[in-house]
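# Close look at the chain arrangement
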Amino acid sequence: MVTHMKTTIDIADDVLSRAKQLAHREKTTLKVLAEEGLRLVLERRLVQSTVKIEPVVFTGNGLQPGLPDDFVDNIRDWAYQDEPQ
């Protein structure tokens with residue numbers, strides 16, 4: 001069973017004006033637009049909050065033999081050099 005509740009909200013004048021114009025063009029009501037907008041925001045936020053990011057795991061043997069001790073510290077410098085060393 002769907003129930004309805006009356007409420008009052010403050011809306012910025014420019015947003016309300018644009019919403020009224022849209023409602024008029026689409027032959028609908030502000031109530032319908034407001035409910036549609038809230039449903040869209042709620043759905044988007046729900047999806048964003050449930051997205052799980054899996055960690056990236058690299059396999060291998062770590063740094064390879066023959067690399068200098070300061071290799072990790074110099075990766076960025078080497079990446080932006082014009083000529084490879």
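Residues numbered from 1 in each chain as written. Predicted model: local features only at pLDDT ≥ 70, side-chain atom pairs only at ≥ 80, totals over all residues. Heavy atoms only, no water.

Another point: the overall build of the chain. Check the secondary structure of the chain and you find 3 helices and 0 strands. In the chain, the order of α-helices and β-strands from amino to carboxyl end is α-α-α. Taken over C-alpha atoms, the radius of gyration comes to 28 Å for the chain, far larger than the 12 Å a tight globule of 85 residues would show. Its C-alpha atoms give the chain principal-axis dimensions of roughly 70 × 35 × 25 Å. Within the span of the chain, comprising 85 residues, buried residues form 5% of the whole. Seen as two clouds, the 11 positive and the 14 negative side-chain charges of the chain have centres 22 Å apart. (Helix = DSSP H or I, 4+ residues; strand = E, 2+ residues; numbered from the N terminus. Rg over C-alpha atoms; globule rule 2.2 N^0.38 Å. Buried < 20%, exposed > 50% of the residue type's maximum accessible area, 1.4 Å probe, protein only. Lys, Arg positive; Asp, Glu negative; His and termini not counted. Charge placed at Lys NZ, Arg CZ, Asp CG, Glu CD.)

This part is about unusual backbone geometry. A positive phi is found at K27, a non-glycine position, where the angle reads about 50 degrees. Take K27: it is sitting in the loop between helix 1 (13–25) and helix 2 (30–50).

This brings us to the confidence of the model for the chain. As a note on interpretation, predicted positions should not be read in detail where pLDDT is low. Scored by pLDDT, the chain has a mean of 84; 91% of the residues are at 70 or more. The least confident element of the chain, judged by mean pLDDT, is helix 3 (residues 71–79) at 75; the most confident is helix 1 at 96. (pLDDT = per-residue confidence, 0-100.)

With that settled, the discussion passes to a nonpolar patch on the surface. A contiguous nonpolar surface patch, about 270 Å² in accessible area, is contributed by I9, I11 and V15. If you trace the backbone, V15 turns up in helix 1. (Patch = residues over 30% accessible without salt bridge, like charges linked within 9 Å, V, L, I, M, F, W, Y side chains within 5 Å. Areas by Shrake-Rupley, 256 points an atom, 1.4 Å probe, with all protein chains shown as cover. Salt bridge = Lys/Arg side-chain N within 4 Å of Asp/Glu carboxyl O.)

Another point: the pattern of salt bridges. Opposite charge on two side chains permits them to pair, given that their charged atoms come into close proximity. Applying the stated rule across the entire model yields 1 salt bridge. E35 is paired through a salt bridge with R39; the nearest N and O atoms lie 3.8 Å apart. You can see E35 and its partner R39 sitting in helix 2, 4 residues apart, about one turn around the helix. On the accessibility criterion, E35 (29% relative accessible area) is partly exposed. Using a relative accessible area of 54% as the deciding quantity, one classes R39 as exposed.

Glancing now at the layout of surface pockets. Empty space among the atoms becomes apparent when a probe as large as a water molecule is rolled across them. Taken as a whole, the largest pocket encloses approximately 820 Å³ of empty space. In terms of lining, the largest pocket is formed by 20 residues, of which the most central are L30, K31, L33, A34 and E35. Of all the secondary-structure elements, those providing two or more residues to the lining of the largest pocket are helix 1 and helix 2. With 7 residues, helix 2 is the largest single contributor of residues to the lining of the largest pocket. (1 Å grid on protein atoms, 1.4 Å probe; cavity = no way out; pocket = protein on both sides within 12 Å on 5 of 7 lines; lining within 4 Å. Points joined across faces, edges and corners; volume = space filled by probe spheres on them.)

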